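If you want the building blocks of each chain, they are given just below.
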Amino acid sequence: MLLGLILLATVVAACLLILHPPVWFPVAITSAAVAYDRQFSWTLWVTGSLFIAAQLLLAWIVIRRRKSVTRPATSSGVRASLFAAVAMIAVEIALAAHGNGPLSHSEPKDAETIEVYAHQFAWNFRYPGADGVFGRVGTEFIADAAGNPVGIDPSDSRGNDDIVTPVLRIPAGRDVRLLLHSRDVIHDFFVRELRTKQDIVPGMVIPLDIHADRIGQYEIACAELCGLGHNQMHSILVVMPGEEYDRWKLQH
Amino acid sequence: MEATTLIARPSLLRRIFSTDHRTIARQYFFLSLFAVVVGVCLSLLMRFHLVWPREKVAWFEAIWSVRAEGGIMTEELYLSLMTLHGTIMVFFVLTLAPLNAFANLVLPEQLGGKEMAFPRMNMLSFWITVASFLTLLSACVFDEGGPIAGWTAYPPLSAVGAVSGPGEGLGQTLWFVSIGIFCIASLLSAMNIISTVIECRRPGMSLMQMPLTSWNWFVTSILSVLSFPVLLAAGLLILLDRLAGTSFFVPGDLLIAEQHSPHAGGSPLLWQHLFWFFGHPEVYIAILPGMGIVSHIISNFSRRAPFSYRACVWAPVAIAFLGMLVWGHHMFISGISPYSAMTFSLITMSIGAPSAVLVLNWLGTAYQAVKLEFTTAMLFCMGFVSLFVTGGLTGLFLGQPEIDAYFHDTAFVVAHFHMIMGMAALFAVFAATFYWFPLMFGRMLDERLGKLHFYLTFIGAYALFLPMHFAGFAGNPRRYADFTNFDFFQAGMPLQRWITVTAFAMGAVQLIFIGNLFRSIFSGAKAGANPWNGPTLEWNADAEIADRGPYEYPDAGADAN
C-alpha cells in the first residue's frame, strides 16, 4: 500500500542523497580532521544500515498481505526486547570502539601559542612577538578605535612587541595551541576544515590544540549565538609554510 | 466535576473557568493549536528571510514598524522570531499538547475514574499557563521588541540587560518571567497527574494494568516534577542577575559594547548545567507521551496486546531515568572536562537500547497483528515509528563528543531535533487527535482528509528535514540571520531554497488538518461510544478489569503478555 511505497521511496531518496550530496564536508586539513572523517563514515555506515533495515521492515509489515490470525504468538516479547537492547548496546560499543575517544588527546610540547580574542562581533589574534612572552592585558586598556582591541597594558614592556591581527596565521606542520578568550558573551571558534569547534566562555581561558598540514585559507566562523552580529563574525585562518610564517612574524 | 453542572446549564464563567477535566483538555488543546500555528508562521518567516534576506514585503512593516522598516526584515527581527519560535514550540506546543491536553482528556477514565485528583488545581494550572503565554507574547510587542538570545538563553548574553543587544532589556526580562510562570503551571499539572495515577485508579486496578498512555503520562510527570523546579530556580537567579545586580551567571571584568560590566564572580557554565538539567529531560517530556500514544494506538489497530506490555512500560522508565543523566551532551564543546564528556556520552548512547526495545515492540505488535487497520491515527503512528528511527539514529552521531564537535550548533542538530522532537512528537499528537477526537467533541474527524493530510505531511517531513542534514555536513552554523557573510554558505544556497519552498508547502498542507478539525467539530459524523473498538477503559467505562491486561480483548481471544 501507499505508505509502504513512500517508505521505499524515502530509503531510495536517502541513498541517492548520500551518493550525490548537494553539499558535503570541506577538505580536512589536520590528521585529527582526517580521523574525524573516518569515524563519521563508520557512523554513517552503521546508522545508515540500521535506517535502511528498520524502514524496509516497516514497509514490509505495512505492505504484506497476511492471513487473518486469531491468536497471535506473544510469548517471545520480553526475550526479543532484551535481545534488541543488547544488540543496540553492541552497535554502540562498535561505534565508540572505532573512534578515538575524547581522552586520546595528548598535550603538545613546544607548541606555537597564539591567543584568540573574540568580542561582539569580531576576532583578534595575538602573537607573543620576538621575546616569546605575552604582555599583560586588562579589560581597562581595551580601545578598539585606538588599535588596542585585546587590551595590552602599555606599561608592560613585554607587550611592546606583541602582534595583534584580525586574521589568524599559523605555520603548517607545527603544533599550535590557541588560547581562547572572550571579553563579553559566549562565542565559538569554528573552522570547518579543522572538524572541530570550541566555545569561548568569558571568564575562562580554553585551549584548543591544532596541527594543520594543508596550506591554504579557511573561513573562521562564530558558532555560538552571541547577539545581533553573530553571522558577521568572520575571519580567515591562513595556514602558511613554516619559513614564511617565521618571516611574517619577524617583519612585525 | 460536580454532576449538577451537567444538568443545569452552567454559566459562561463556569464554562470558561471550568474544573471539568475534558473542558480543560480542550482548552489546552486549543491553546497549543494556536501556539503551533503561530510557531509555524514564525518558522516560515525565518525560512523566507534566510533565502531572500533583502526582499521587501509591505506587510512586514505593517506588523513590525521598527524591526522591519521599509518592509525588509532586520536581523534583530529574525533572531527574535527564532527565539519565539523555539520557546513556543518547546513549551507551548510539545509540552502542552501531548501531556496536558491528552492526559486531561483520557487519563481519569483510562484509570476507571471520573476526574483528575485535583480539579481546581487543574483549572489553575491551565490559567497560569495562559498567563505565561500572554507574558511571552508581551515580551515581543514592546517598542524594543522580543529577545534575541534563543530558547536556551545563554548568559552573559541573556543576563546583562539591553547592552548586549536589541530586545535584551525588557523583552528578555519578560521572557524569563514567562518561563518561570510556565514552570509553576507545569509543576502543578504534573503533581496532579501523578496524584491521579496513584490515588484515582479504580479499586483493583494495579499499576501493571494501566494502559501504556497512562504509564507514559505518569513517567513524564515525574520527569516534570524533577526538572521544572531546576529551571524555575535558574530563572529566578538569572532574573536577580538582571534586576538586582547579583552575579550568578556573569563573570567579572567584562566589557560589553564598550561598557564595563559591574558583575563579578559568576559562571556562564552554571546556567548551562542548570538549563540542560531541565532541558534534556524536557525533550523526553515532549516525546514520552508520544511513545505511549503510539504503543496504545498501534495495539488498538492491530487488535492485540502489545508485543510485550512489560517492555513497553519499562523502556520509557529507563529512558526517563537515563534522560536525567545526560544533560552534559549539550555541553561537549562548552569547555567541560573530556572525562565528563566521555561519561555523558556513554550514558547518552545507552538510551539507544530502550529506544530500540520500543521500536521492536511497535514493529512486533503490527507484525503479529490479528488484523491491521490503517486508520488515520494508525498511519500517523506508523509515520511516528519511521521518523523516530531516523531522528534517533542521527542522535548516534551527536552522542559522540568528537563527532559532535563539528556538528554542534550546525544545521545537522536542527535537522536532528526537528525530525524527532518536532516531527515525530507532532505525529503522535496528530494520531492522538484523530483517535480521541470522539471523546473531545463527540464526533469523528474526516478519515479521507485525514489520510491525505497524513501522506502529504509524511512526505513533507522527509523532503524538508533529510536535506537539512546535508547543510550540517557542510558545516552551516545555525542561528545565522544571514548567510551572505561567508563564502562557504554559497554552494548550499540551492539546498536552502529547497528547504524553504518545502517548508511553505508543508505549512500549506497543514491547512487540510485545520479545515478538517473545525469542520468536524461542527459537522463531523456523530461518534459511537467506542468507534475504534478500543479495549481500554476510556472507551468502556463499565468493563471489568479484574485479572485482565489493559489491552486484552475478551472477545478476540488475544492474551496479554
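Residues numbered from 1 in each chain as written. Chains lettered and ligands numbered in written order. Predicted model: local features only at pLDDT ≥ 70, side-chain atom pairs only at ≥ 80, totals over all residues. Heavy atoms only, no water.

Novice: Looking at this structure, I do not really get the pairing of strand E1 (residues 112-119) of chain A. What am I missing?
Specialist: All names here are of chain A. Taking burial as the measure, the 8 residues of E1 include 7 buried ones, the bulk of the element. In the sheet, E1 pairs with strand E5 (residues 176-182) via 7 bridges, with the strands oriented parallel. Note on E5: the bridge partner recorded for isoleucine 114 is leucine 178. Of the strand pairs in this sheet, E1 and strand E2 (residues 122-127) are connected by 5 bridges, and their pairing is antiparallel. When the bridges of E2 are listed, alanine 118 appears paired with tryptophan 123. (Buried < 20%, exposed > 50% of the residue type's maximum accessible area, 1.4 Å probe, protein only. Helix = DSSP H or I, 4+ residues; strand = E, 2+ residues; numbered from the N terminus. Pairing = 2+ DSSP bridges.)

Novice: I keep staring at the pairing of strand E6 (residues 187-191) of chain A and nothing clicks. Help me out?
Specialist: Regular strands show a simple pattern: their side chains alternate between the two faces of the sheet. Buried residues dominate E6(A), accounting for 5 of its 5 residues. If you look at the hairpin formed by E6(A) and strand E7 (residues 196-200) of chain A, you'll find 4 residues sitting between the two strands, and Arg195(A) has a positive phi there, around 60°.

Novice: I would appreciate a short explanation of the interface of chain A and chain B in the present structure.
Specialist: The parts lose accessible area when they come together, and the size of an interface is often stated as this lost area. Listed by partner, the interface residues are 92 residues for chain A and 99 residues for chain B. The junction of chain A with chain B conceals about 8100 Å² of combined surface from both sides, 68% of it contributed by carbon and sulfur atoms. Looking at the side of chain A facing chain B, the largest losses of area belong to Leu225(A), Leu228(A) and Asn231(A), adding up to 9% of the total buried there. The interface formed by chain A and chain B holds 0 salt bridges in total. Connecting chain A to chain B are 23 residue pairs in polar contact (both at pLDDT 80 or more). When contributions to the side of chain A that touches chain B are tallied by element, the ones reaching two or more residues are helix H1 (2-19), helix H2 (31-63), helix H3 (77-98), E6, E7 and strand E9 (216-222) of chain A. (Contact = heavy atoms within 4.5 Å. Buried area = accessible area lost by both parts, 1.4 Å probe. Salt bridge = Lys/Arg side-chain N within 4 Å of Asp/Glu carboxyl O. Polar contact = N/O pair within 3.5 Å; in protein donor to acceptor, adjacent residues only side chain to side chain.)

Novice: How do you make sense of the pattern of salt bridges when you look at a structure like this?
Specialist: Where charged atoms from two side chains of opposite charge come close, those side chains can pair. Under the counting rule described, the total for this entry stands at 15 salt bridges over all chains. For Lys249(A), the salt bridge is made with Glu112(A), and the minimal N-O distance between the two is 2.5 Å. Taken together, the residues Lys249(A) in helix H4 (residues 242-251) and Glu112(A) in strand E1 connect sequence positions 137 residues apart. Take Lys249(A) and Glu112(A): they sit in the same class, and that class is buried. Where Asp409(B) meets Arg478(B), a salt bridge forms, and the shortest distance between an N and an O atom there is 3.6 Å. Residue Asp409(B) is found in the loop between helix H15 (401-407) and helix H16 (411-441), and its partner Arg478(B) is found in the loop between helix H17 (447-473) and helix H18 (493-523); the two are separated by 69 residues along the sequence. Arg478(B) sits in the buried class, given a relative accessible area of 18%. In this structure, a network of salt bridges that share partners links the residues Glu115(A), Arg126(A) and Asp162(A).

Novice: Looking at this model, I keep getting lost on a nonpolar patch on the surface. Mind explaining?
Specialist: All names here are of chain A. Together, Leu2, Leu5, Leu8, Leu56 and Ile63 make up a nonpolar patch on the protein surface, roughly 390 Å² of accessible area in all. Looking at the nonpolar patch, the elements with two or more residues in it are H1 and H2. At 3 residues, H1 tops the list of elements feeding residues into the nonpolar patch. Along the chain, isoleucine 63 turns up in helix H2. According to the relative accessible area criterion, isoleucine 63 is partly exposed, its value standing at 30%. (Patch = residues over 30% accessible without salt bridge, like charges linked within 9 Å, V, L, I, M, F, W, Y side chains within 5 Å. Areas by Shrake-Rupley, 256 points an atom, 1.4 Å probe, with all protein chains shown as cover.)

Novice: In this structure, what is going on with the packing of aromatic side chains? I would like to understand it.
Specialist: The way to describe two aromatic rings as a pair is by their centre distance and the angle between their planes. Enumeration according to the criterion identifies 87 aromatic pairs over all chains in this entry. With 5.6 Å between their ring centres and 20° between their planes, Phe25(A) and Phe473(B) make a pair best called stacked. Taken together, the residues Phe25(A) in the loop between H1 and H2 and Phe473(B) in helix H17 connect one chain to another. On the numbers, 5.2 Å between centres and 70° between planes, the contact of Tyr435(B) with Trp436(B) is edge-to-face. For the pair shown, Tyr435(B) and Trp436(B) are each scored as buried. Against the face of Trp60(A) rests Arg64(A), its NZ or CZ located 5.1 Å from the ring centre. (Phe/Tyr/Trp six-rings, centres within 6.5 Å; stacked < 30°, edge-to-face > 60°. Lys NZ or Arg CZ within 6 Å of the ring centre and 35° of its normal.)

Novice: When you look at the side chain of Ser355(B) in this model, what are you seeing that I'm missing?
Specialist: Its location among the elements puts Ser355(B) in helix H13 (residues 352-367). Excluding its chain neighbours within four sequence positions, the residues that come into contact with Ser355(B) are Ile319(B) and Phe388(B).

Novice: Honestly, the nonpolar core in this entry has me stumped. Any pointers?
Specialist: For soluble globular proteins, the rule of thumb is that nonpolar side chains tend to be buried together. Within the largest apolar cluster, 263 residues are counted, with the highest numbers of intra-cluster contacts made by Phe189(A), Phe407(B) and Trp436(B). Residues contacting Trp436(B), with those up to four places away along its chain left out, are Phe102(B), Leu105(B), Val106(B), Gln110(B), Thr213(B), Trp217(B), Ile293(B), His296(B), Glu538(B) and Trp539(B). (Core = buried A, V, L, I, M, F, W, Y, C linked by side-chain atoms within 4.5 Å.)

Novice: Would you take a moment to explain the sheet that holds strand E3 (residues 163-165) of chain A for this structure?
Specialist: Hydrogen bonds between backbone groups are what pair the strands of a sheet, and the pairing can be parallel or antiparallel. Residue and element names in this part refer to chain A. Pairing within the open sheet is mixed, and its 5 strands lie in the order E3-E2-E1-E5-E8. Of all the strands in the sheet, the pair left with one neighbour each is E3 and strand E8 (206-210). Taking each pair of neighbouring strands and ignoring which way they run, the sheet shows an average axis angle of 25°. One ladder, built from 3 bridges, connects E2 with E3; its direction is antiparallel. Bridged to tyrosine 127 within E3 is isoleucine 163. (Axes fitted to C-alpha atoms, helices over the stretch in contact; angles between N-to-C directions.)

Novice: Can you help me understand unusual backbone geometry in this one?
Specialist: Most peptide bonds are trans, and most residues other than glycine sit at a negative phi. Look at the link from Gln120(A) to Phe121(A): it is a cis peptide, with omega at 0°. Within the secondary structure, Phe121(A) is located in the loop between E1 and E2. Here the bond from Pro155(B) into Pro156(B) is cis, since omega is 5°, no more than 30 degrees from zero. By the secondary structure assignment, Pro156(B) is in the loop between helix H7 (119-138) and helix H8 (170-199).

Novice: Honestly, the packing of helix H6 (residues 96-110) of chain B against helix H9 (residues 212-243) of chain B in this entry has me stumped. Any pointers?
Specialist: The geometry of a pair of packed helices is captured by two quantities: the angle between their axes and the separation between those axes. Residue and element names in this part refer to chain B. Across the interface, H6 lies against H9 with an axial gap of 10 Å and an inter-helix angle of 130°. Comparing the axis directions of H6 and H9 gives the class oblique. Pair H6 / H9 crosses with left-handed handedness. Counted together, Pro98, Leu99, Phe102, Ala103, Val106, Leu107 and Gln110 of H6 and Thr213, Ser214, Trp217, Thr220, Ser221 and Ser224 of H9 form the full contact between these two elements. (Parallel < 35°, antiparallel > 145°, perpendicular 65-115°, else oblique. Left-handed = near helix turned anticlockwise from the far one by under 90°.)

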